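A closer look at the structure
What follows is each chain in one-letter form.
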Amino acid sequence: MTGDVPTTRPAPRVFRVALVPGVNPDRWLRVWAERLRTVPVELVHTEPADAADLLRSGAADVALLRLPATGDDLSVMTLYTEATVVVVPKDHVVTVVEEIDAADLEDETLVVPLDDTLHWADPPGTPFAGGTVPTTADAIDLVAAGVAVLVLPQSLGRLHQRRGLTARTVRDAPGSAVGLAWVTDRYDDFTEEFIGIVRGRTATSSRGIGAPRAEPPPTKARTGGTGKGGSSAGKGSSAGKGKSTGKGKPKPNPRKPRPGR
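What you see is a predicted model; the values in this text were computed from it and never measured.

A word on the overall build of the protein
Within the protein, the regular secondary structure consists of six helices and eleven strands. Expressed as a percentage of the 261 residues in the protein, the buried residues total 36%. A fraction of 71% describes how many contacts in the protein between residues 6 or more apart in sequence connect residues 24 or more apart. Carbon and sulfur atoms make up 52% of the accessible area of the protein, which totals about 17300 Å².

This is how it looks when you write it as structure tokens:
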């Protein structure tokens with residue numbers, strides 16, 4: 001065989017989800033796997049500050065990120081707002097209660113790393129003066145050393161949990177909102193399906209590509225006697241079964257009397 005050119009099959013479709021630390025998409029991914037088994041999900045891990053730009057670059061179809069995510073080219077849906085906790089050593093004075101107020105931290109040294117996602121405009125306490133702290137992990141090291149305390153979203157507190165440290169909820173601290181974002185001009189059926197899953201739509205109420213196909217209406221089986229011949233036969237049959245009215249029956253001839261013998 002000459003002149004045959006091998007054809008290249010297109011790569012299978014993959015739905016890419018950008019993900020920032022602390023956000024857990026497992027329950028949504030399970031539903032996706034049930035509805036779109038031929039379209040796998042690829043998680044693209046990214047830092048909060050880079051999530052929106054990664055989405056714009058086309059490296060992800062949607063992003064689960066920390067809000068706000070600004071830009072006229074993005075569509076954003078708020079999912080939930082996390083509580084804020086303070087991470088302290090286990091023997092710290094605030095550990096005697098489960099929740100505290102921001103005022104309880106006024107006498108503390110507060111460390112704010114460069115990758116801070118809380119953006120607390122007027123936090124309590126005294127700012128850490130020991131130089132720039134690049135990451136949350138570096139800030140946790142300072143807390144473990146008893147140098148400072150750290151406030152951050154609850155999920156990040158769990159992510160950086162360490163022996164000897166604990167966390168307490170700060171009731172009046174600002175929360176951290178988590179949202180789903182996508183590039184408006186790249187919205188497609190797969191994006192619609194993921195939005196529906198995140199919103200809790202069932203498979204039957206889904207408007208995306210994972211919605212079950214509608215079954216065609218059942219075809220009624222044809223029965224005998226529905227045609228013209230059958231219709232006539234039916235009429236004749238029903239007439240035969242009805243009550244006789246006596247109309248049209250021949251009257252009996254009266255018997256003539258015999259002549260007398």
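Considering the pattern of salt bridges
The full count for this structure, using the stated rule, is eleven salt bridges. Between Asp61 and Arg13 there is a salt bridge; the shortest N-O distance is 3.6 Å. Within this pair, whereas Asp61 is found in the loop between α2 (51–56) and β3 (62–66), its partner Arg13 is found in the segment before β1 (15–19), the two being separated by 48 residues in sequence. The class of Arg13 is partly exposed, set by a relative accessible area of 29%. Residue Arg162 pairs with Asp141 through a salt bridge whose shortest N-O separation is 2.8 Å. Remark: Asp141 occurs in helix α3 (residues 136–144) and Arg162 occurs in the loop between α4 (154–159) and β10 (165–170); sequence separation between them is 21 residues. Residue classification places Arg162 among the partly exposed residues on the basis of a relative accessible area of 34%. Taking relative accessible area as the criterion, Asp141 reaches 38% and is therefore assigned partly exposed. Residues joined by salt bridges that share partners form a network here, namely Arg13, Arg16, Asp61 and Asp188.

Thoughts on the environment of Pro123
Mapped onto the fold, Pro123 is located in the loop between β7 (109–110) and β8 (126–127). Residue class for Pro123 comes out partly exposed when judged on its relative accessible area of 28%. Along the sequence, Pro123 and Val151 sit 28 residues apart, while their C-alpha atoms lie 9.1 Å from each other.

Section: the sheet that holds β10
The four strands are arranged β6-β10-β5-β9 in an open sheet whose pairing can be described as mixed. Strands at the two margins of the open sheet, each flanked by one partner only, are β6 (99–100) and β9 (150–153). Here β6 runs beside β10; their pairing, made up of two bridges, is parallel. In the strand pairing of β10, Glu99 is matched with Thr169.

Description of the nonpolar core
Core analysis: the biggest nonpolar cluster contains 36 residues, and Phe15, Trp32, Leu65, Leu180 and Phe194 have the highest contact counts within it. Listing elements by their share of this core, those giving two or more residues are β1, α1 (26–35), α2, β3, β4 (74–82), β11 (176–183) and α5 (189–199). Ranked by residue count, the leading element in this core is β11, at six residues. Beyond its immediate stretch of four places on either side in the chain, Trp32 contacts Phe15, Val39, Val41, Phe190, Glu193, Phe194 and Ile197.

Observations regarding α3
If you check which residues of α3 are buried, you get Thr136, Ala139, Ile140, Leu142 and Val143. For α3, the angular spread of the buried residues around the axis is 155°, confining them to a single face. Buried residues along α3 sit in contact with β5 (84–89), β9 and β10. Just past α3, the residue Gly146 takes up positive phi, approximately 75°.

The rules behind these values
Residues numbered from 1 in each chain as written. Predicted model: local features only at pLDDT ≥ 70, side-chain atom pairs only at ≥ 80, totals over all residues. Heavy atoms only, no water. Helix = DSSP H or I, 4+ residues; strand = E, 2+ residues; numbered from the N terminus. Buried < 20%, exposed > 50% of the residue type's maximum accessible area, 1.4 Å probe, protein only. Contact = heavy atoms within 4.5 Å. Areas by Shrake-Rupley, 256 points an atom, 1.4 Å probe, with all protein chains shown as cover. Salt bridge = Lys/Arg side-chain N within 4 Å of Asp/Glu carboxyl O. Pairing = 2+ DSSP bridges. Core = buried A, V, L, I, M, F, W, Y, C linked by side-chain atoms within 4.5 Å. Arc of directions from axis to C-beta.

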